[in-house]
Amino acid sequence: MARFEEVKERNLKLLETYVPVVDRVHGEHHPEFHEVRRLFEEIGAKLSQTDTEKPDLAGEFARLREITDGYSVPDDVCESYAAVYHMLAELDEAYHA
């Protein structure tokens, strides 16, 4: 849980900034990112509802892995898109550690 909290603290604010921008910029050519944004918003909502308990995010992370093909970054995207996938993957890994 400590590792998850550390990763969450390091990545959550950046993700809150990057995810909507990446969705706006790349959503037309990568419609799967709309689902990434929706799932990220669900994760954020669950995280904000708890202080000390680890919320059940297994379903959201499983779906993220499925629609992103294991957080594989497409060839035609910007560094911010790649950063989002890397941060989500790190959060996912820490959650399951």
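Residues numbered from 1 in each chain as written. Predicted model: local features only at pLDDT ≥ 70, side-chain atom pairs only at ≥ 80, totals over all residues. Heavy atoms only, no water.

## Quick look at the confidence of the model for the protein
At step 1: Averaged over all residues, the pLDDT of the protein equals 94, while 97% of them reach at least 70.
At step 2: Averaged pLDDT values over the elements of the protein bottom out at 94 in helix 1 (residues 2-26) and peak at 98 in helix 3 (residues 58-67). (pLDDT = per-residue confidence, 0-100. Helix = DSSP H or I, 4+ residues; strand = E, 2+ residues; numbered from the N terminus.)

## A closer look at the pattern of salt bridges
At step 1: Counted under the stated rule, the structure contains 12 salt bridges.
At step 2: R38 is the partner of E35 in a salt bridge, and the nearest nitrogen-oxygen pair spans 2.7 Å. Residue E35 and its partner R38 are both found in helix 2 (residues 32-48); the two are separated by three residues, about one turn of the helix.
At step 3: Since its relative accessible area comes to 37%, R38 is described here as partly exposed.
At step 4: The residue R63 makes a salt bridge to E66 at a minimum N-O spacing of 2.9 Å. Placement of both R63 and E66 in helix 3 is noted, with a separation of three residues, approximately one turn of the helix. (Salt bridge = Lys/Arg side-chain N within 4 Å of Asp/Glu carboxyl O. Buried < 20%, exposed > 50% of the residue type's maximum accessible area, 1.4 Å probe, protein only.)

## As for the nonpolar core
As a rule of thumb, soluble globular proteins bury nonpolar side chains together.
At step 1: F33, F61, L64, V84 and L88 are the most contacted members of the largest nonpolar core, which has 26 residues in total.
At step 2: Elements with a contribution of two residues or more to this core: helix 1, helix 2, helix 3 and helix 4 (79-96).
At step 3: Here this core takes eight residues from helix 4, the largest share from any one element.
At step 4: With near-sequence residues (within four places) excluded, F33 lies in contact with V19, V22, D23, Y81, V84 and Y85. (Core = buried A, V, L, I, M, F, W, Y, C linked by side-chain atoms within 4.5 Å. Contact = heavy atoms within 4.5 Å.)

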